[in-house]
Amino acid sequence: MTSGPQSSEMEMHHDSSDSRPTVSVAVDTGGTHTDVVLIDGTQTITMKVPTTPSDISTGIIDGVKKIAARAGIPVSRIDRFFYGSTFATNLIVEGTEAHIGLITTKGFRDVLQIARASRKPDVYDIHWRPNPPLVPRHLRLEVSERTLHTGEILSELNDDDVHAAFRFFREEGISAVAVCLLHAYANPVHEQRIKAIAAADYPEMEVSISSDVVREFREYERTSTTCVSAFIKKPIEKHLERLTEALKAEGANCIRYIMRANGGVSTFERSVSHPAALTHSGVMGGIVGATALGRRCGIKNLITFDMGGTSTDISLITDGELPLTSRSTVGGNPVLIPALDMVTIGAGGGSLGWIEGGTAMRVGPRSAGSVPGPACYGQGGESPTVTDANLVCGRLNSEYFLAGARELHPQLSEQALDKMAQQLNITRTQAALGMLAIAEAHMADAVRLVSIERGVDPRDYTLVAFGGAGGLHAASLAEALNIRSILVPPAPGNLSASGLLCADVRHDFVQSMVSALNAELANSIGAVLEDLRAQAYAALEGDGIAAADAIIKFSLDLRYVGQNYELNLDLEACDLDDGFVQMAERFHVAHERVYGYRLNARAIQLVNVRITAFGPIAVDPWTTESLEAATPAQPVGERQVVINTGDTIPFSVYRFTDMKPGQTIAAPAIIEYPGSTVFMPPGWSGQLDTNLCIRMQHAGN
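One structure accompanies this document, and this report is about it.

Each value, and the rule that gives it
- Residues numbered from 1 in each chain as written.
- Predicted model: local features only at pLDDT ≥ 70, side-chain atom pairs only at ≥ 80, totals over all residues.
- Heavy atoms only, no water.
- Helix = DSSP H or I, 4+ residues; strand = E, 2+ residues; numbered from the N terminus.
- Rg over C-alpha atoms; globule rule 2.2 N^0.38 Å.
- Contact = heavy atoms within 4.5 Å.
- Areas by Shrake-Rupley, 256 points an atom, 1.4 Å probe, with all protein chains shown as cover.
- Lys, Arg positive; Asp, Glu negative; His and termini not counted.
- Charge placed at Lys NZ, Arg CZ, Asp CG, Glu CD.
- Phe/Tyr/Trp six-rings, centres within 6.5 Å; stacked < 30°, edge-to-face > 60°.
- Lys NZ or Arg CZ within 6 Å of the ring centre and 35° of its normal.
- Salt bridge = Lys/Arg side-chain N within 4 Å of Asp/Glu carboxyl O.
- Buried < 20%, exposed > 50% of the residue type's maximum accessible area, 1.4 Å probe, protein only.
- Core = buried A, V, L, I, M, F, W, Y, C linked by side-chain atoms within 4.5 Å.
- Axes fitted to C-alpha atoms, helices over the stretch in contact; angles between N-to-C directions.
- Parallel < 35°, antiparallel > 145°, perpendicular 65-115°, else oblique.
- Left-handed = near helix turned anticlockwise from the far one by under 90°.
- Pairing = 2+ DSSP bridges.
- Expected span 1.5 Å × (residues − 1).

Examining the overall build of the chain
And then number 1: Scanning the chain from terminus to terminus reveals 18 helices and 35 strands.
And then number 2: The globule rule puts the C-alpha radius of gyration for 701 residues at 27 Å, and the 26 Å found for the chain is close to it.
And then number 3: Principal-axis analysis of the C-alpha atoms gives the chain an extent of 80 × 60 × 55 Å.
And then number 4: By sequence separation, contacts in the chain at least 24 residues apart represent 69% of the contacts at least 6 residues apart.
And then number 5: For the chain, the accessible area works out to roughly 28,500 Å², and carbon and sulfur atoms hold 49% of it.
And then number 6: In the chain, 58 side chains carry a positive charge and 80 a negative one; their mean positions are 3 Å apart.

Below is the structure:
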């Protein structure tokens, strides 16, 4: 069910008396580089600067100042600042010190420890051990209370237990506490009481209650999500405050948005109250940007391939729709938040090559990061990385890396690979090709995971190659999967940052409501819908979006009675009028499409009611140029390049900045961008389209 205006104007966020275009800056921080994009209505500028791990804000501000100077405007002219970062995810993955406590219902202290009692991901690995819980057992405390799944209170909350828990946390030096009580999704009154006690008597405690984080059943996942939220809340708040102060110190008193896991953005101020939604912030910009660019190019079925310095992120886009899931993980901890569906592996340009057992070559998941970085950076790195392997094979230009902003040292890459080659008794070139082959095999497996293992044929999709290293491996990856077409964006190294500008404000809320899908539900669901609508409008208002500009969509999670998994279907206006008759049929059809069968005689059960609220602010960061005659592009030179067979052959070298729409590129070719490089081996051809995208086609197509 969708509600909202027929059309809405984009809020410009600057003085209405000022007719100048809105200036927007988007920043995406990666493990190696920080990508920056600026648009001001007349130009789009992209840039890469080194990430500064000791203080991410330093690299961000450096990039903002440099790109503003290149645009010829003061930093104070920036109206909107968009940010995508792996900061929240890294807090969990790296186990950054931030002790938290947990208060839960008596008898449920070990929910985090028991989890799903599963030996996934490998039931045959006798050495496998589960990740330690986010909260150690001595910091997981119980209180007496009991609420039924209907919301009825069976036993009142014992306030003495609550005070005892907070006194213990105070003695242990704990100042962040997660509260997750059994069935609080149905009735949050006891959790709210605990929060009130903390506010009155223990004001130093930062309390996160599950009914504020996620109103959804499934005890383990809800507890985990609440703990993740409590774990990252203070560090996230401090990080965004520090970044805000740094921007203001440079004169940028602008509206600040951050990317969320659901592919939408929210203001810094609003986001700190829902930190769990930021756990996948740094990944989603590329998926949103690739989807928007695909629609612009008339391509709806895409496999996004984002290869950066430390990792590769892959997602499947079907019919131009962002792939949303309500279940994801961060650092092995499940989170019940709407998130774009993707797979991340530890394979990037900075992934380290190493030897296991004296004979087996391995690549990743460990990374050289931005410091010391690949050996060729000359910053002290001695182990070979994927970037070093590409440089040794001639696929990278040491004199035009990042348009010459960073000098590469080929001799250092050679020395690093020589050490590995000597241990394995192979040549330097064989070591380099071996590293590339291993990294590409990992990436091909990840693509199979999001496509073939879900019943989707990747040959029906176009591979969108971006990230600083995506273009170097796209052709080999496509050949391994028999994909015949590749789309390379105008600034592939900066697509994740550009994608931040393509996102609207977005908020998702859920309320568990287990009920039969029938006419009686149509009479009782109205109150839940209105409560969710009120939450959605309040969230949008907190981001400066007026109710008149909001776009609201309702959906339901449905399943056959007895199942433990659901399908999400949009709630349409007719469904309440006909007692869900048409929705029941849509569910049968969807279940047959996804799982291969339908059970017409089995009752259908509602599990969750969901609402998605949009505030339209997205802009198009790309330009369109006139198509010229289909003439061959002119190379700037030629280079000897090692291809996957081990042969060394001449490649024509092209500069993207010299090319015009309509021009064609014949393989073998290297296309050098200011922020990335495309490797086009024999068997491929390319052409620059009016959107300044290179469309690569395999000769077999």
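From this point, the discussion proceeds with the structure in view.
With respect to the packing of aromatic side chains
And then number 1: Evaluated as defined, the whole model comprises twelve aromatic pairs.
And then number 2: Through a chain of ring-to-ring contacts, the aromatic side chains of Phe81, Tyr83 and Phe268 assemble into a single cluster.
And then number 3: The lysine or arginine in question, arginine 395, covers the ring of phenylalanine 679, its NZ or CZ lying 4.1 Å from the ring centre.
And then number 4: A cation over an aromatic ring shows up here: arginine 655 above the ring of tyrosine 400, its NZ or CZ 3.7 Å from the ring centre.

Quick word on the pattern of salt bridges
And then number 1: Scanning all chains against the criterion turns up 34 salt bridges.
And then number 2: Across the salt bridge formed by glutamate 216 and arginine 610, the nearest N and O atoms sit 3.3 Å from each other. Note that glutamate 216 is positioned in the loop between helix H6 (210-213) and helix H7 (219-249) and arginine 610 in strand S28 (residues 604-615), a separation of 394 residues in sequence.
And then number 3: Under the relative-accessibility criterion, glutamate 216 is labelled buried at 1%.
And then number 4: Residue arginine 610 is classed as buried on the basis of its relative accessible area of 10%.
And then number 5: A salt bridge links arginine 327 to glutamate 566, with the shortest nitrogen-to-oxygen separation between them at 3.3 Å.

With respect to the nonpolar core
Burial of nonpolar side chains together is a common tendency in soluble globular proteins.
And then number 1: Core analysis: the biggest nonpolar cluster contains 76 residues, and Phe81, Tyr83, Ile103, Phe166, Phe169 and Ile236 have the highest contact counts within it.
And then number 2: For this core, the element with the most residues is H7, which contributes ten residues.
And then number 3: Grouped together as the second largest cluster of nonpolar side chains are 65 residues, Met284, Phe466, Ile525 and Met583 included.

Quick notes on the packing of helix H4 (residues 159-171) against helix H5 (residues 189-201)
And then number 1: The N-to-C vectors of H4 and H5 enclose an angle of 50 degrees; their axes lie 11 Å apart at closest approach. In terms of orientation, H4 and H5 fall into the oblique class. Taken as a pair, H4 and H5 cross one another with a handedness that is right-handed. Contacts from Asp159, Val162, His163, Phe166 and Arg170 of H4 reach H5 at Arg193, Ile194, Ile197, Ala198 and Asp201.

Points about the pairing of strand S29 (residues 637-642)
And then number 1: Pairing of S29 with strand S30 (residues 648-655) involves six bridges; the strand directions are antiparallel. Its bridge partner being in S30, glutamine 640 is matched across the sheet by proline 650.
And then number 2: Count of turn residues in the S29/S30 antiparallel hairpin: five residues, of which glycine 646 carries a positive phi of about 100 degrees.

Re the pairing of strand S32 (residues 669-672)
And then number 1: A two-sided burial pattern is seen for S32, the buried positions comprising Ala669 and Ile671 on one face and Ile670 and Glu672 on the other.
And then number 2: Sheet topology places S30 next to S32; four bridges connect them, and they run parallel. In the sheet register, serine 652 faces S32, and the bridge partner there is alanine 669.
And then number 3: Looking at chain direction, S32 and strand S33 (residues 677-680) are connected through four bridges and run antiparallel. By the bridge assignment for S33, alanine 669 is matched with methionine 680.
And then number 4: Hairpin connection between S32 and S33: a loop of four residues separates the two successive antiparallel strands.

Examining the side chain of glutamine 605
And then number 1: When you line up the elements, glutamine 605 lands in strand S28.
And then number 2: Those residues in contact with glutamine 605 that lie beyond four places of it in its chain are Val514, Ser515, Leu517, Asp557, Leu558, Arg559 and Val561.

Observations regarding helix H1 (residues 56-71)
Residue pairs three or four apart in sequence face the same way in an α-helix, which turns once every 3.6 residues.
And then number 1: Counted at 1.5 Å a residue, the expected span for H1 with its 16 residues is 22 Å, and the 23 Å between its end C-alpha atoms agrees.
And then number 2: Residues of H1 that are buried: Ile56, Ser57, Gly59, Ile60, Ile61, Gly63, Val64, Ile67, Ala68 and Ala71.
And then number 3: Looking at the packing, one finds that the buried side of H1 touches strand S2 (24-29), strand S3 (33-39), strand S4 (44-50), strand S5 (80-84), helix H2 (87-93) and H7.
And then number 4: Following H1 by one or two positions, glycine 72 adopts a phi angle in the positive range, close to 75 degrees.

Structural notes on the sheet that holds strand S34 (residues 684-688)
And then number 1: Sheet architecture is open: eight strands sit in the order S20-S15-S14-S23-S24-S35-S34-S31, paired in mixed fashion. Strand pairing shows two members of the sheet lacking a second neighbour, strand S20 (343-345) and strand S31 (664-666), which therefore form its edges. Within this sheet the neighbouring strands show an average axis-to-axis angle of 20 degrees, counted without direction.
And then number 2: Pairing between strand S14 (residues 302-307) and strand S23 (residues 462-466): five bridges, direction parallel. Paired with threonine 304 across the bridge in S23 is valine 464.
And then number 3: Contacts between helix H9 (residues 281-296) and the sheet are confined to S14, strand S15 (312-317) and S23, with S14 contributing the most and set at about 140 degrees to the helix.
And then number 4: Of the strands in this sheet, S14, S23, strand S24 (485-488), S34 and strand S35 (694-698) touch helix H13 (residues 470-481), which is tilted by about 155 degrees from S23.

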